[in-house]
Amino acid sequence: MAAYDKADLERRMHGAVEALKGDLSGLRTGRASVSLLDPVTVEVYGAHMPLNQVATVSAPESRMLSVQVWDKANTGPADKAIRSAGLGLNPIVDGQTLRIPIPDLTEERRKELAKLAGQYAEKARIAARNVRRDGMESLKLDEKKNVFGEDERKRHETEVQKLTDATIADIDAAATAKEKEILGK
């Protein structure tokens, strides 16, 4: 059995891109997005639960989020959780609904967020390169075990490099798009 598994490498590289997209979706851009509240956890019923498991989050306007809490008793804890999540959001309680106006981002904050997007992208690039390194090492190991010859190893190395290049291009495209969105360009 060969240690080299192209499908596994593709899956792991795809995972790095998906993780980056998840990280980027949590960055605020000045527009309301329901994914903005994904990191918020609410303390209810003696446990910490994601906000989307105790309420319905929607974006009725481009600069407003609406959180419809299902159980009236959880309205206070949901409000507290959103305020203390470090997102700079201040909900307005209206019965069982929390209205959350999305404030404009300052130029300084936009630059910080763009820099953070760049850091997330670099983390994803490093993950992709680590997968590439693992793939190359398993190819060399397979060649030593005589699973295949030098020509086949070189052909597979070219495949791994093409996969890495395509993955890094995807990462760069996602990061560039998010940076433009944040900086409003």
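Cut-off values and rules
- Residues numbered from 1 in each chain as written.
- Predicted model: local features only at pLDDT ≥ 70, side-chain atom pairs only at ≥ 80, totals over all residues.
- Heavy atoms only, no water.
- Helix = DSSP H or I, 4+ residues; strand = E, 2+ residues; numbered from the N terminus.
- Rg over C-alpha atoms; globule rule 2.2 N^0.38 Å.
- pLDDT = per-residue confidence, 0-100.
- Pairing = 2+ DSSP bridges.
- Axes fitted to C-alpha atoms, helices over the stretch in contact; angles between N-to-C directions.
- Contact = heavy atoms within 4.5 Å.
- Buried < 20%, exposed > 50% of the residue type's maximum accessible area, 1.4 Å probe, protein only.
- Expected span 1.5 Å × (residues − 1).
- Salt bridge = Lys/Arg side-chain N within 4 Å of Asp/Glu carboxyl O.

Trainee: Just checking my understanding: could you explain the overall build of the chain for this structure?
Mentor: When you go through the chain residue by residue, the secondary structure sums to 4 helices and 6 strands. In sequence order, the chain lays out its α and β elements as α-β-β-β-β-α-β-β-α-α. For 185 residues, the compact-globule estimate of 2.2 N^0.38 gives 16 Å, and the chain exceeds it by more than 25% at 22 Å. Each principal axis of the C-alpha atoms in the chain carries an extent, and together these give about 70 × 40 × 20 Å.

Trainee: Quick question: what am I supposed to make of the confidence of the model for the chain here?
Mentor: Segments scoring low in pLDDT should not have their predicted coordinates read at a detailed level. Per-residue confidence for the chain gives a mean pLDDT of 88; residues scoring 70 or more make up 97%. Of all helices and strands in the chain, the one with the weakest mean pLDDT is strand S3 (residues 55-61) (89), whereas helix H4 (residues 150-183) scores best (92).

Trainee: Looking at this structure, I do not really get the environment of Leu-141. What am I missing?
Mentor: Turning to its location among the elements, Leu-141 is positioned in helix H3 (residues 107-144). When the C-alpha atoms of Leu-141 and Leu-24 are compared, they prove to be 37 Å apart, with 117 residues separating the residues in sequence.

Trainee: Is there a simple way to think about the sheet that holds S3 in this case?
Mentor: Each strand in a sheet pairs with its neighbour through backbone hydrogen bonds, running either in the same direction (parallel) or in the opposite one (antiparallel). An order of S3-S4-S6-S5 is seen for the 4 strands of this open sheet, with the pairing classed as antiparallel. Edge positions in the open sheet fall to S3 and strand S5 (92-94), since each of these has one partner strand only. Going from strand to strand, the sheet's axes swing by 25 degrees on average, the running direction of each strand aside. Sheet topology places strand S4 (residues 64-69) next to strand S6 (residues 97-101); 5 bridges connect them, and they run antiparallel. Among the inter-strand pairings, Leu-65 is bridged to a residue of S6, identified as Ile-100. Its contacts with the sheet place helix H2 (residues 75-83) against S4, S5 and S6, and it is angled at close to 20 degrees to S6.

Trainee: What am I meant to see in unusual backbone geometry here?
Mentor: Most of the time, phi is negative for any residue but glycine, and the peptide bond is trans. One non-glycine residue, Tyr-45, lies in the positive phi region at around 50 degrees. Residue placement: Tyr-45 occurs in the loop between strand S1 (41-44) and strand S2 (47-50). At Asn-146, a position not held by glycine, the phi torsion is positive, near 60 degrees. By the element assignment, Asn-146 lies in the loop between H3 and H4. Take Asn-146: its relative accessible area is 67%, and that puts it in the exposed class.

Trainee: When you look at H4 in this model, what are you seeing that I'm missing?
Mentor: Because an α-helix completes one turn every 3.6 residues, residues spaced three or four positions apart along the sequence face the same direction. Taking 1.5 Å per residue, 34 residues should reach 50 Å; H4 reaches 49 Å between its end C-alpha atoms and fits that length. The positive-phi residue at the C-terminal boundary of H4 is Gly-184, with phi of around 70 degrees.

Trainee: How do you make sense of the pattern of salt bridges when you look at a structure like this?
Mentor: Counted under the stated rule, the structure contains 16 salt bridges. The partner of Asp-94 in a salt bridge is Arg-99, with the nearest N and O atoms 2.8 Å apart. Relative accessible area serves as the criterion here: at 39%, Asp-94 is assigned to the partly exposed category. Arg-99 sits in the partly exposed class, given a relative accessible area of 35%. Note that Glu-152 and Arg-155 form a salt bridge whose closest N and O atoms lie 3.3 Å from each other. Placement of both Glu-152 and Arg-155 in helix H4 is noted, with a separation of 3 residues, approximately one turn of the helix. Take Glu-152: its relative accessible area is 32%, and that puts it in the partly exposed class. When its relative accessible area of 44% is taken as the criterion, Arg-155 is described as partly exposed.

Trainee: For this particular structure, what's the right way to read the pairing of S1?
Mentor: Successive residues of a regular strand alternate their side chains across the two faces of the sheet. With burial as the criterion, only one face of S1 is covered, namely that bearing Val-42 and Val-44; the residues Thr-41 and Glu-43 on the opposite face remain uncovered. Note that S1 and S2 share 4 bridges and pair antiparallel. Counterpart to Val-44 in the pairing with S2 is Ala-47.

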